[in-house]
Amino acid sequence: MTIRSTFTALLLATPAAFSIGNALAEPVAFDHARLIDGTGASAQPDATVVIDNGVILSVGTPAPADARHVDLTGKTLMPALISDHSHVGLVKGTGASRDNYTRANILAAMKQYADYGVLTVTALGLNRSPLFDTLRQEQHEGRNPGADLYGVDQGIGAPDGVPPAAMVKGIGPDQVFRPTTPEEARKDVDQMIAEHTDLVKLWVDDFRNDVPDGKTYPMLPPAIYQAVIDEAHQHDTRVAVHIHDLAVAKAIVAAKADILAHGVRDQPVDHDLIAAMLRQGTWYIATLDLDEANYLYAEQPELLSNPFVLAGIDKPLRRQFTDPKWRAETLAKPLTKASHYALSVNQKNLAVLYRAGVKVGFGTDSGAAPTRIPGFAEHRELYLTVQAGLSPVQAISLATGNAAALLHLSDRGVIAPGRRADLLVVDGNADENIAAVDQIDQVWQRGALVSHGPVRSKN
């Protein structure tokens, strides 16, 4: 036995073998795994996956002689989750405010995402430079614990419109541009490009949300959103658009937007929208959890006894969720009834679009409001996606391979040779029961074990 193999054997005999962040300078072989590879293919039983130097070395072939072995009998190995639509630095406790946009708060969220197995997060707007740009680069380089970070710096909305100042207290012009002319809009896009934004974000919505007599906000005019889309495309940068209604979705797709950043929630999608999206290759992110989160914790207080859920909720928010008065007021709001309807329509539309062959990504709008819990929201999105009619493997493929493809990231999202070793290990057969994804055993990032899940990381 060599000195190196003796040292490895000693490590494997002790808890230090799985100390967080410990990456040995040798290949690691995951043996006897139930493999979901992120492509949408059926799960492979009893698979062997070997990683080395932060990337996947092989799938389904014998491990090198010097590999360290990890037995995954009874467990599923899958790519780590990817969010195409989240927000960072807005929420703390029970409120959302620009005062929360701090380095410490954002990094805490990145760590929480990672504990839940979400290792790539896209913050779609309401960010502030230069802090966002600095942290994004640091996360790309792996200089801080937590998820990798992509996204949009400010984004563009209508003057006095969406996103409303009431949603994020103190939101300012450094977090969202509000141009009044096409010329101003183009300059705003140019500034975001200069700040190396990954995408351009538009809000085209009146926030009516199907609430009878609800307050509405001014809508971004077509001349301005067309100028934004055209200018972004001049710089080879894609545009993601916040929408709610079918009519707006059709207008935005006709304007050549690249990504619908929310699902259509007012009525069923029609042939014209489907045909246009297929023709243009438009991406779709349903964000099912967004509407459910408006009432979920009031309707299902038993969730608060689930350690997997509790791990992502801080004490002030936990107190709010357990307050009978808050629950009663939430359930009585017109928005709650409207949100039930919106979720139902959204789920049906997701299933129709998916089966029609429209390109579907994955996101939740987590981090935009206190009830949209970073990390847990993504697990809830998987559950709601399966409830909509997709299989567990199809839902997981949206959150891994598809989500990476939407971001044009060819280095992750799929378990294949040469891809980044961002991996999630869960107990049970996740291809048969999506709830198994909540049973997190290990999270591996760039080939290193970084977490045993949110519950164990808190203890």
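Conventions used here
- Residues numbered from 1 in each chain as written.
- Predicted model: local features only at pLDDT ≥ 70, side-chain atom pairs only at ≥ 80, totals over all residues.
- Heavy atoms only, no water.
- UniProt positions renumbered as here; feature names shortened; annotations may be inferred.
- Helix = DSSP H or I, 4+ residues; strand = E, 2+ residues; numbered from the N terminus.
- Phe/Tyr/Trp six-rings, centres within 6.5 Å; stacked < 30°, edge-to-face > 60°.
- Buried < 20%, exposed > 50% of the residue type's maximum accessible area, 1.4 Å probe, protein only.
- Core = buried A, V, L, I, M, F, W, Y, C linked by side-chain atoms within 4.5 Å.
- Domains from an automatic or database assignment.
- Contact = heavy atoms within 4.5 Å.
- 1 Å grid on protein atoms, 1.4 Å probe; cavity = no way out; pocket = protein on both sides within 12 Å on 5 of 7 lines; lining within 4 Å.
- Points joined across faces, edges and corners; volume = space filled by probe spheres on them.
- Nonpolar A, V, L, I, M, F, W, Y, C, P; charged D, E, K, R; others polar.
- Salt bridge = Lys/Arg side-chain N within 4 Å of Asp/Glu carboxyl O.
- Buried area = accessible area lost by both parts, 1.4 Å probe.
- Polar contact = N/O pair within 3.5 Å; in protein donor to acceptor, adjacent residues only side chain to side chain.
- Pairing = 2+ DSSP bridges.

**Q** Help me understand the UniProt feature "domain: Amidohydrolase-related" (unreviewed entry) in the chain, please; the structure alone is not making it clear to me.
**A** Annotation from UniProt places "domain: Amidohydrolase-related" (unreviewed entry) at residues 76-448. Annotated as residues 76-448, this span is 39% helix and 14% strand, and its ends, taken at the C-alpha atoms, are 18 Å apart.

**Q** Would you mind going over the packing of aromatic side chains with me for this structure?
**A** Geometry of an aromatic ring pair is reported as the spacing of the ring centres plus the angle between the planes. Scanning the model with the defined rule gives six aromatic pairs in all. Relative to Trp444, the ring of Phe30 lies with its centre 5.1 Å away and its plane at 90°, an arrangement referred to as edge-to-face. In this pair, Phe30 is assigned in strand S1 (residues 28-35) and Trp444 in strand S17 (residues 440-445), connecting sequence segments 414 residues apart. Across the pair, Trp444 and Phe30 agree in class, each one buried. Arranged with centres 6.3 Å apart and planes meeting at 85°, the rings of Phe207 and Tyr217 form a pair that is edge-to-face.

**Q** Before we go on, may I ask you to explain unusual backbone geometry in this structure?
**A** Backbone phi values are negative for most residues with the exception of glycine, while trans is the configuration of most peptide bonds. Cis geometry is found at the peptide bond from Ser129 to Pro130, where omega equals 5°. Mapped onto the secondary structure, Pro130 falls in the loop between strand S9 (118-124) and helix H3 (131-140). Omega for the peptide link from Val162 to Pro163 comes to -5°, which places this bond in the cis form. If you trace the backbone, Pro163 turns up in the loop between strand S10 (148-152) and helix H4 (182-194). A positive phi is found at Asp46, a non-glycine position, where the angle reads about 55°. As for its placement among the helices and strands, Asp46 is situated in strand S2 (residues 44-52). Residues other than glycine seldom take positive phi values, yet Arg446 does so here, at roughly 50°. Note on placement: Arg446 falls in the loop between S17 and strand S18 (448-451).

**Q** What am I meant to see in the nonpolar core here?
**A** Side chains of a nonpolar character, in soluble globular proteins, are inclined to be buried together. If you look at the biggest cluster of nonpolar residues, it comprises 114 residues, and the most contacted ones within it are Leu202, Ile252 and Tyr297. The greatest single-element share of this core, amounting to eight residues, is contributed by helix H15 (residues 392-406). In terms of domain composition, this core takes at least three residues from each of domain 1 (28-78 + 413-458) and domain 2 (81-294 + 333-411). If we ignore the near neighbours within four places in the chain, the residues touching Leu202 are Ile156, Leu220, Tyr225, Val228, Ile229, Val239, Ala240, Val241 and His242. Counting 17 residues, the second-largest nonpolar core is a separate cluster that includes Ile51, Leu72, Ala421 and Val425.

**Q** What's the story with the layout of surface pockets in this structure? I'm lost.
**A** Empty pockets left among the atoms are what a rolling probe the size of a water molecule brings to light. Each pocket or cavity is described by its volume, and for the largest pocket that value is around 970 Å³. Lining of the largest pocket is provided by 41 residues; of these, Met167, Phe207, Asn294, Leu335 and Arg372 occupy positions nearest its centre. The element contributing the most residues to the lining of the largest pocket is helix H12 (residues 324-332), with three residues. Of the residues in the lining of the largest pocket, the class split is 17 nonpolar, 14 polar and 10 charged. Lining the second largest pocket are 32 residues, and of these Asn105, Ala109, Gln112, Gly312 and Asp314 lie nearest its centre. Of all the elements in the fold, those that place two or more residues in the lining of the second largest pocket are strand S7 (91-92), helix H2 (103-115), helix H11 (315-321) and helix H16 (454-458). Counting residues per element, the lining of the second largest pocket draws most heavily on H2, at seven residues. A breakdown of the residues in the lining of the second largest pocket according to their chemical character gives 16 nonpolar, eight polar and eight charged. When we break the lining of the second largest pocket down by domain, the ones giving at least three residues each are domain 1 (28-78 + 413-458) and domain 2 (81-294 + 333-411).

**Q** Looking at this structure, I do not really get the pattern of salt bridges. What am I missing?
**A** Side chains that differ in sign of charge can pair as their charged atoms come close. In the structure shown here, the tally under the stated rule is 22 salt bridges. Asp365 is the partner of Arg372 in a salt bridge, and the nearest nitrogen-oxygen pair spans 2.6 Å. In terms of burial, Arg372 and Asp365 fall into one category: buried. Sharing partners across several salt bridges, the network here consists of Asp148, Asp411, Arg412, Arg420 and Asp422.

**Q** Help me understand empty space enclosed by the protein in this model?
**A** One pass over the structure, following the stated rule, counts two cavities of 30 Å³ or more. Quantified by volume, the largest cavity comes out at close to 40 Å³. Taken together, Ala286, Thr287, Leu350, Val360, Gly361, Phe362, Gly363, Glu381, Thr385 and Leu398 make up the lining of the largest cavity. When grouped by side-chain class, the residues that make up the lining of the largest cavity number five nonpolar, four polar and one charged. In this structure, the second largest cavity encloses a volume near 30 Å³. For the second largest cavity, the full set of lining residues is Ile56, Pro79, Arg412, Gly413, Val414, Ile415, Arg420, Asp422 and Leu423. Of the residues in the lining of the second largest cavity, the class split is five nonpolar, one polar and three charged.

**Q** Is there a simple way to think about the domain arrangement of the chain in this case?
**A** Often, the extent of an interface is quoted as the loss of accessible area on bringing the components together. One can read the domain layout of the chain as domain 1 (28-78 + 413-458) and domain 2 (81-294 + 333-411). Between domain 1 and domain 2, the C-alpha centre-to-centre distance is 29 Å. Every contact between the two is made by 29 residues of domain 1 and, on the other side, 28 residues of domain 2. Here domain 1 packs against domain 2, burying approximately 2100 Å² in sum over the two surfaces, 63% of which is carbon and sulfur. Considering only the side of domain 1, the residues that lose the most area to domain 2 are Gly413, Arg420 and Ile434, jointly responsible for 24% of the buried surface there. At the surface where domain 1 touches domain 2, the tally comes to one salt bridge. With a shortest N-O distance of 3.5 Å, Arg420 and Asp148 are connected by a salt bridge. Connecting domain 1 to domain 2 are 10 residue pairs in polar contact (both at pLDDT 80 or more).

**Q** For this particular structure, what's the right way to read the sheet that holds strand S14 (residues 283-284)?
**A** Through backbone hydrogen bonds, the strands of a sheet pair up, either in parallel or in antiparallel fashion. The sheet built from five strands is open, its strands ordered S11-S12-S13-S14-S15 with parallel pairing. With one partner strand each, in any of the chains shown, strand S11 (200-203) and strand S15 (359-360) form the two edges of the open sheet. Pairing analysis gives two bridges linking strand S13 (residues 259-260) to S14, with the strands arranged parallel. Bridge assignment links Ile259 to a residue of S14, and that residue is Trp283.

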